[in-house]
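Residue-level structural notes
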Amino acid sequence: MSEWDSFIHKGTLDEERFAQRHLSNIKWSNNYQNMHEHWDMEGGLKGKTLKFDVKGMKKINRRDDSTQDKFTWIEGTNVKGNPGWLKGRADYIVFERNEYWLLVNREELWDFVQEKLKKNSYAEGKKPYHVYQRWGKKDKITLVPFTDIEDLKDIEKLDK
């Protein structure tokens, strides 16, 4: 299995683990919805039908040996230069953490990240609240500490 196939396989397993544990009446996205609308599944939670985009744990640097639980990368623009998952149609982004799933309102996260980037004059680099673009790619991603995300209002920690 290639490194990319392994990455995709792990992501699919993460999505299934979250959905099976926490959602009712699950409807999986099709390829278009996944790639362009940026949601993985729709399902019942809190008495509502909502859309979710699940994000596994991330490395800070591609060559790091393992993932970490202090920061996450937020995608504003994807590798093809199209709107990234932060601009998608998911109601909630679900971040995998070591001990729990962290549900975060996507719109609140969007507003928060935009405010931080603006306050930082859209500085470029591989630091928190800087715009980072990988060499040869069209993406624009931002490193954000989980401690800040967990201070947002519409979040919830769910058992793994």
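Everything in this summary refers to the structure shown in the same document. The model shown is predicted, which means the values in this text are computed figures rather than measured ones. (Residues numbered from 1 in each chain as written. Predicted model: local features only at pLDDT ≥ 70, side-chain atom pairs only at ≥ 80, totals over all residues. Heavy atoms only, no water.)

1. As for the overall build of the protein chain
Within the protein chain, the regular secondary structure consists of four helices and eight strands. Starting at the N terminus, the α and β elements of the protein chain follow one another as α-β-α-β-β-β-β-β-α-β-α-β. On C-alpha atoms alone, the protein chain measures out to a radius of gyration of 15 Å, which is about the 15 Å that the 2.2 N^0.38 rule sets for 160 residues. Counting only C-alpha atoms and orienting by the principal axes, one finds that the protein chain spans roughly 45 × 40 × 30 Å. A buried classification covers 42% of the 160 residues belonging to the protein chain. A fraction of 51% describes how many contacts in the protein chain between residues 6 or more apart in sequence connect residues 24 or more apart. Working note: accessible area of the protein chain is about 9,800 Å², and carbon and sulfur atoms make up 46% of it. Side chains of the protein chain carry 30 positive and 28 negative charges; the gap between the two charge centres is 4 Å. (Helix = DSSP H or I, 4+ residues; strand = E, 2+ residues; numbered from the N terminus. Rg over C-alpha atoms; globule rule 2.2 N^0.38 Å. Buried < 20%, exposed > 50% of the residue type's maximum accessible area, 1.4 Å probe, protein only. Contact = heavy atoms within 4.5 Å. Areas by Shrake-Rupley, 256 points an atom, 1.4 Å probe, with all protein chains shown as cover. Lys, Arg positive; Asp, Glu negative; His and termini not counted. Charge placed at Lys NZ, Arg CZ, Asp CG, Glu CD.)

2. Considerations on helix α3 (residues 106-119)
Relative to the 20 Å expected for 14 residues at 1.5 Å per residue, α3 spans 20 Å between its end C-alpha atoms, a close match to the ideal helical length. Taken as a whole, α3 has its buried residues at R106, L109, F112, V113 and L117. Each buried residue of α3 lies within a common arc of 130 degrees when the element is viewed along its axis, so the set occupies one face. Of the exposed residues in α3, those oriented more than 90 degrees away from the buried face are E107, E115, K118 and K119. Once α3 finishes, S121 follows within two positions and takes phi at roughly 55 degrees, a positive value. (Expected span 1.5 Å × (residues − 1). Arc of directions from axis to C-beta.)

3. Regarding the side chain of E42
Mapped onto the elements of the fold, E42 is located in strand β2 (residues 41-45). Look past the residues within four positions of E42 in its chain and what remains in contact with it is N25, I26, K27, T49, L50 and K51.

4. Regarding the nonpolar core
Among the nonpolar cores identified, the biggest contains 20 residues, and I74, F95, L109, V113 and I149 are the most heavily contacted of them. Contributing elements (two or more residues each) for this core: β5 (92-96), β6 (100-105), α3 and α4 (146-149). Counting residues per element, this core draws most heavily on α3, at four residues. In this view, I74 contacts W85, L86, F95, L109, V113, K140, I141, T142 and V144; residues no more than four positions away in its chain are not counted. Core analysis: the second largest hydrophobic core is formed by 13 residues, A19, L50, Y92 and W101 among them. (Core = buried A, V, L, I, M, F, W, Y, C linked by side-chain atoms within 4.5 Å.)

5. Some points on the sheet that holds β5
Sheet architecture is open: six strands sit in the order β1-β2-β3-β5-β6-β8, paired in mixed fashion. Of all the strands in the sheet, the pair left with one neighbour each is β1 (24-28) and β8 (155-159). Each adjacent strand pair in this sheet contributes to an overall mean axis angle of 30 degrees, direction not counted. Bridge analysis of β6 against β8 gives five bridges, and the strand direction is antiparallel. The partner of L103 across the bridge, within β8, is E156. Here α3 sits on the sheet and contacts β5 and β6; the angle it forms with β6, its principal contact strand, is near 75 degrees. (Pairing = 2+ DSSP bridges. Axes fitted to C-alpha atoms, helices over the stretch in contact; angles between N-to-C directions.)

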